[in-house]
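Examining the three-dimensional arrangement
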Amino acid sequence: MTETMGRRERKKAATRQALADAALKLFLERGYDQVGIKDIADAADVSTTTLFKHFSGKEALVFDDDAGQEAALVAAVRERPQGRSIPAALREHILKNKIDAGAGDSEFARFIALVDGTPALRDYAHRMWLRHEVALAQAIADDIGAAKDDPVCAALARFALETLGLARAASDSREAVRGAFALLEKGWQAAAPTRGGERRRAPSAP
């Protein structure tokens, strides 16, 4: 029974990956608006019914790592080096995994251009990214011993996530992230002590 379920799950994962790969290939070749759901299903050799069993729509086919993104954000807080503040840890995570990711990779650059140049994808990506606010806020609250619904922890989570949108619109994305987090760092250092302080807090990280 376990072996059967294992094969079934592997087949589902393979179908899902084939659909995502086919969609991205077509979007890059033709442009997002010129590709329909049937085009994607045909390219992956499945029915449109099967496609919708795996994805809610065209936008979802492009962004297939929502759980992984959230887990990585939470880990950035929980597993940060000794002495690194929470804002500094989130700053480095966003710089490494969002701003610098794929540097020198032409395919990744094409993907970013596709998203940035397609309003539907750009808006969807922004909404998906902000969905991680609750989990991130809870991780921050847990780390400093604050209540799970602490408004200051929620504010830090929200503003940290919003820095990515600011960076995308700036001429220098890295400097935009650094500037935004410099502001957040100062506010956090003032607010965190009233909520127990960071458990692993030390002088501000460089």
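All values reported here derive from a predicted model rather than from experimental measurement. (Residues numbered from 1 in each chain as written. Predicted model: local features only at pLDDT ≥ 70, side-chain atom pairs only at ≥ 80, totals over all residues. Heavy atoms only, no water.)

**Topic: the side chain of Gln 189**
With respect to the element layout, Gln 189 can be found in helix α11 (residues 173-191). Since its relative accessible area comes to 18%, Gln 189 is described here as buried. Side chain to side chain, Gln 189 and Glu 185 meet in a polar contact 2.6 Å long. (Helix = DSSP H or I, 4+ residues; strand = E, 2+ residues; numbered from the N terminus. Buried < 20%, exposed > 50% of the residue type's maximum accessible area, 1.4 Å probe, protein only. Polar contact = N/O pair within 3.5 Å; in protein donor to acceptor, adjacent residues only side chain to side chain.)

**What about helix α8 (residues 119-130)?**
Helix length check: α8 (12 residues) gives 17 Å between terminal C-alpha atoms against 16 Å at 1.5 Å per residue, within 8%. Turning to α8, its buried residues number three or more, namely Leu 121, Tyr 124, Met 128 and Trp 129. The buried residues of α8 occupy an angular sector of 130 degrees when the element is viewed end-on, so they sit on one face. (Expected span 1.5 Å × (residues − 1). Arc of directions from axis to C-beta.)

**Some thoughts on the nonpolar core**
Within the largest apolar cluster, 27 residues are counted, with the highest numbers of intra-cluster contacts made by Ile 86, Leu 90, Leu 136, Ile 140 and Trp 188. Going through the elements one at a time, α5 (66-78), α6 (86-99), α9 (133-144), α10 (151-169) and α11 are the ones with two or more residues in this core. If one sorts the elements of this core by residue count, α10 sits on top with seven residues. Not counting the four nearest positions on each side in its chain, Leu 136 is found in contact with Leu 73, Val 77, Leu 90, Ala 157 and Leu 161. (Core = buried A, V, L, I, M, F, W, Y, C linked by side-chain atoms within 4.5 Å. Contact = heavy atoms within 4.5 Å.)

**Some remarks on unusual backbone geometry**
Residue Asp 45 is not a glycine yet carries a positive backbone phi of 60 degrees. Considering the arrangement of structural elements, one finds Asp 45 in the loop between α2 (37-43) and α3 (48-54). What makes Asp 45 exposed here is its relative accessible area of 69%.

**Digging into the environment of Leu 184**
Secondary-structure assignment places Leu 184 in helix α11. Residue Leu 184 is classed as buried on the basis of its relative accessible area, which comes to 14%. What Leu 184 contacts, discounting residues up to four positions off in sequence, is Pro 87, Leu 156, Phe 159, Ala 160 and Thr 163.

**Some details on the packing of α8 against α10**
Put simply, α8 and α10 touch, their axes get as near as 10 Å, and they point 160 degrees apart. Classified by the angle between their axes, α8 and α10 sit roughly antiparallel to one another. Pair α8 / α10 crosses with right-handed handedness. Between α8 and α10, the contacting residues are His 126, Trp 129 and Leu 130 on the first element and Leu 161, Glu 162 and Leu 164 on the second. (Axes fitted to C-alpha atoms, helices over the stretch in contact; angles between N-to-C directions. Parallel < 35°, antiparallel > 145°, perpendicular 65-115°, else oblique. Left-handed = near helix turned anticlockwise from the far one by under 90°.)

**What to know about the environment of Gln 138**
Mapped onto the fold, Gln 138 is located in helix α9. In this structure the C-alpha to C-alpha distance between Gln 138 and Asp 150, which are 12 residues apart in sequence, comes to 8.5 Å.

**Quick look at the packing of aromatic side chains**
Overall, the coordinates contain three aromatic pairs when judged by the stated rule. With a centroid separation of 4.9 Å and an interplanar angle of 55 degrees, the aromatic rings of Phe 27 and Tyr 32 are classed as tilted. For Phe 27, a relative accessible area of 1% corresponds to the buried category. Summarising the aromatic geometry, the rings of Phe 63 and Phe 111 are spaced 6.3 Å apart at their centres and angled 65 degrees between planes, so their arrangement reads as edge-to-face. Placement of the pair is Phe 63 in the loop between α4 (58-62) and α5 and Phe 111 in helix α7 (residues 106-116), with a sequence separation of 48 residues. Residue class for Phe 111 comes out buried when judged on its relative accessible area of 18%. (Phe/Tyr/Trp six-rings, centres within 6.5 Å; stacked < 30°, edge-to-face > 60°.)

**Observations concerning the environment of Arg 80**
If you trace the backbone, Arg 80 turns up in the loop between α5 and α6. Judged by its relative accessible area of 5%, Arg 80 falls in the buried class. Spatially, the C-alpha atoms of Arg 80 and Arg 91 are 11 Å apart, while their sequence positions differ by 11 residues. From its side chain, Arg 80 meets the backbone oxygen of Val 77 in a polar contact 2.7 Å long. Side chain to side chain, Arg 80 and Asp 143 meet in a polar contact 3.0 Å long.

**What about the packing of α5 against α6?**
Remark: α5 packs on α6, axes separated minimally by 8 Å, with the N-to-C direction vectors making an angle of 140 degrees. Viewed along their axes, α5 and α6 adopt a mutual orientation that is oblique. Crossing of α5 over α6 shows right-handed handedness. Contacts between α5 and α6 involve Gln 69, Ala 72, Leu 73, Ala 76 and Val 77 on the former and, on the latter, Ile 86, Ala 89, Leu 90, His 93 and Lys 98. In terms of residue class, the contact of α5 with α6 is made up of seven nonpolar, two polar and one charged. (Nonpolar A, V, L, I, M, F, W, Y, C, P; charged D, E, K, R; others polar.)

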